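Coordinate inspection notes
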Amino acid sequence: QVQLVESGGGLVQAGGSLRLSCAASGRTFSNDNMGWFRQVPGKEREFVAAITWNGGRTSYAGSVKGRFTISRDNAKNTVYLQMNYLKPEDTAVYYCAADLGRQLVLSMRISQYDYWGQGTQVTVSS
């Protein structure tokens, strides 16, 4: 069974940092683009960051650019999201996702992604 499992969420104060991990199993995602999304209750799930299959290119939402860094370790079949200078508005459930489309463009669209993790809660207090 293919699984993506996020971890590393928690409660931090504004200005703090967290590192999220997304461990994949049941399939090797070394040929696939990966993404991070987040969702707040009552709002649509939104794009956060994405990375190409080999880690050569990344893309970020404007709200996190300069603060978050997406990376991956294909040997571990894992993708990461380093979150620095966290703000209360970063509070959300964070999801990782895999895009099996083999496309060159990093997608910001939920519909582009084929596998999703269960999410991990990130709460940033002021």
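Notes on the structure follow. (Residues numbered from 1 in each chain as written. Predicted model: local features only at pLDDT ≥ 70, side-chain atom pairs only at ≥ 80, totals over all residues. Heavy atoms only, no water.)

Quick look at the sheet that holds strand β8 (residues 78-83)
The sheet built from 4 strands is open, its strands ordered β1-β3-β8-β7 with antiparallel pairing. The open sheet has two free edges, formed respectively by β1 (3-7) and β7 (68-73), since each of these has just one partner strand. When the angles between neighbouring strand axes are averaged without regard to direction, this sheet yields 15°. As paired strands, β7 and β8 are joined by 6 bridges and run antiparallel to one another. (Pairing = 2+ DSSP bridges. Helix = DSSP H or I, 4+ residues; strand = E, 2+ residues; numbered from the N terminus. Axes fitted to C-alpha atoms, helices over the stretch in contact; angles between N-to-C directions.)

Quick word on the packing of aromatic side chains
Applying the stated criterion across every chain, the model contains 5 aromatic pairs. With a centroid separation of 6.1 Å and an interplanar angle of 65°, the aromatic rings of Tyr-113 and Trp-116 are classed as edge-to-face. With a relative accessible area of 5%, Tyr-113 lands in the buried category. When its relative accessible area of 26% is taken as the criterion, Trp-116 is described as partly exposed. The rings of Phe-37, Phe-47, Tyr-113 and Trp-116 are connected pair by pair, giving a single aromatic cluster. (Phe/Tyr/Trp six-rings, centres within 6.5 Å; stacked < 30°, edge-to-face > 60°. Buried < 20%, exposed > 50% of the residue type's maximum accessible area, 1.4 Å probe, protein only.)

Remarks on the nonpolar core
Trp-36, Leu-81, Met-83 and Tyr-94 are the most contacted members of the largest nonpolar core, which totals 33 residues. Those elements that place two or more of their residues in this core are β3 (18-25), β4 (33-39), β5 (46-51), β7, β8, β9 (92-99) and β11 (120-125). What Tyr-94 contacts, discounting residues up to four positions off in sequence, is Glu-6, Leu-20, Trp-36, Phe-37, Arg-38, Val-48, Phe-68, Leu-81, Met-83, Gly-119, Thr-120 and Val-122. (Core = buried A, V, L, I, M, F, W, Y, C linked by side-chain atoms within 4.5 Å. Contact = heavy atoms within 4.5 Å.)

Thoughts on the pattern of salt bridges
As enumerated under the stated definition, the model contains 5 salt bridges in all. Across the pair Glu-46 and Arg-38 runs a salt bridge, and its minimum N-O distance is 2.6 Å. In this structure Glu-46 comes out as partly exposed when scored by relative accessible area, which is 33%. Taking relative accessible area as the criterion, Arg-38 reaches 5% and is therefore assigned buried. A network of salt bridges, in which partner residues are shared, links Arg-38, Glu-46, Arg-67 and Asp-90. (Salt bridge = Lys/Arg side-chain N within 4 Å of Asp/Glu carboxyl O.)

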